[in-house]
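Given next are the chains, with one letter for each unit.
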Amino acid sequence: IGGTEATQPYSFMVSLEEPDSPRPDHHGCGAELLAPQWVLTASHCAQTPNQAQVGTPRGWRVRVGSLSASSGGQVADVDKFYRLGTQWTPGGMWGNDIALLHLRTPVSGKPVQLANSVPAPGTATRILGWGMTCDQDRPACFPDKLRQADTVIQPNSACAEGIIDGKEFCVGALDGSVGPTNMDSGGPALVQQNGQWVLAGTVNGDGNPSIYENVPIHADWIEGIVSGRNVPPEVPRPSLAGEVQLAACIGSVVRLPDAKPQDNALLLTNGHCVQGDRP
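Criteria and cut-off values
- Residues numbered from 1 in each chain as written.
- Predicted model: local features only at pLDDT ≥ 70, side-chain atom pairs only at ≥ 80, totals over all residues.
- Heavy atoms only, no water.
- Buried < 20%, exposed > 50% of the residue type's maximum accessible area, 1.4 Å probe, protein only.
- Helix = DSSP H or I, 4+ residues; strand = E, 2+ residues; numbered from the N terminus.
- Pairing = 2+ DSSP bridges.
- Salt bridge = Lys/Arg side-chain N within 4 Å of Asp/Glu carboxyl O.
- Core = buried A, V, L, I, M, F, W, Y, C linked by side-chain atoms within 4.5 Å.
- Contact = heavy atoms within 4.5 Å.
- Axes fitted to C-alpha atoms, helices over the stretch in contact; angles between N-to-C directions.
- Phe/Tyr/Trp six-rings, centres within 6.5 Å; stacked < 30°, edge-to-face > 60°.

Here we look at the pairing of strand β4 (residues 38-41)
Going residue by residue along β4, you find Trp-38 and Leu-40 tucked away on one face and Val-39 and Thr-41 tucked away on the opposite face as well. One ladder, built from three bridges, connects strand β3 (residues 27-35) with β4; its direction is antiparallel. Looking at β4, one finds that Ala-35 is bridged to Trp-38. Between β3 and β4, which follow one another and run antiparallel, lie two residues.

Quick notes on the pattern of salt bridges
In total, this model carries seven salt bridges according to the counting rule given. A salt bridge links Glu-17 to Arg-63; the shortest N-O distance between them is 3.2 Å. With Glu-17 in strand β2 (residues 13-17) and Arg-63 in strand β6 (residues 61-64), the pair connects residues that are 46 residues apart, well separated along the chain. The exposure class of Glu-17 is buried, given its relative accessible area of 3%. With its nearest N and O atoms 2.6 Å apart, the salt bridge here joins Lys-80 to Glu-234.

Some thoughts on the nonpolar core
In terms of nonpolar packing, the biggest core is built from 44 residues, with Leu-40, Val-62, Leu-100, Leu-101 and Leu-146 touching the most fellow members. Elements represented by at least two residues in this core include exactly β2, β3, β4, β6, β7 (74-83), β8 (99-103) and α1 (219-226). Ranked by residue count, the leading element in this core is β3, at five residues. With near-sequence residues (within four places) excluded, Leu-40 lies in contact with Ala-31, Glu-32, Leu-34, Ile-98, Ala-99, Leu-100, Gly-186, Leu-199, Thr-202, Val-215 and Ile-222.

Some details on the sheet that holds strand β16 (residues 249-254)
Spatially, β15-β16-β17 is the arrangement adopted by the three strands of the open sheet, whose pairing is antiparallel. Both edges of this open sheet fall to β15 (243-246) and β17 (266-268), since each of them pairs with a single strand only. Across the sheet, the mean angle from the axis of one strand to that of its neighbour is 40 degrees, orientation sign disregarded.

Description of the packing of aromatic side chains
Across all of its chains, the model carries four aromatic pairs by this definition. On the numbers, 5.9 Å between centres and 45 degrees between planes, the contact of Trp-38 with Tyr-82 is tilted. Linking Trp-38 in strand β4 with Tyr-82 in strand β7, this pair joins segments that are 44 residues apart in sequence. With a centroid separation of 6.1 Å and 35 degrees between ring planes, the pair formed by Phe-169 and Tyr-212 is classed as tilted. Here Phe-169 is found in strand β11 (residues 168-171), whereas its partner Tyr-212 is found in strand β14 (residues 210-214), with 43 residues between them in sequence. Take Phe-169: its relative accessible area is 4%, and that puts it in the buried class. A residue is classified by how much of its surface remains accessible, and Tyr-212, at 1% relative accessible area, is buried.

Set out below in structure tokens:
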């Protein structure tokens, strides 16, 4: 919101593409290149149906260093994700809304460095993203060109909706004229440090102004995984391949012991879910 098309690409800027995105280019979230095979994004951008904290995604890929969300740059598949916060982990997702994505093949773009800390309110910051420019799921709302906006870090009190002091911070115009929007999640808040852009935070919610995750305080978690010294294990979780959503209910695909491959599928759910007309 309130931005302009970027005229120069950022070598570290990433579009995370996921199969269930409603966009033709499959862009779902923003992300940042931290190392040749490591990308940082928001934890809520890396959710899978079984809500795993560590897992292997299907069909995710990234486009790195391009102004366009549909062409150019370097493209690589994501073969593993590590989420710091989930709805099941202690403390929940908010305040821990970051995730690391491992790429199957390395890319050559120059990574972004983490800021030493989140600067004080009033500090200038630049935000980037391919987020929606209007509120409808239609092509006109999905920008192909990367957009950027210069704004400021606001006092935490300006983000009245549940901000967690020390773990989140506020970015954007108080009147909502400049800030991130839907599908900007995971995108960066950049500040100047020693004459270059460094990463202070990532989008975890839009608003007036918007909440960003404090990335520098999670530097140890990030470094532990990227270095290989402290990699969380992938805990086996049940497959949800047979789960079915049935209006306001949930069901399961089941098979009888003597079922044949050509038999019709059977769905098991509660009786009150199928009262009245055929669902």
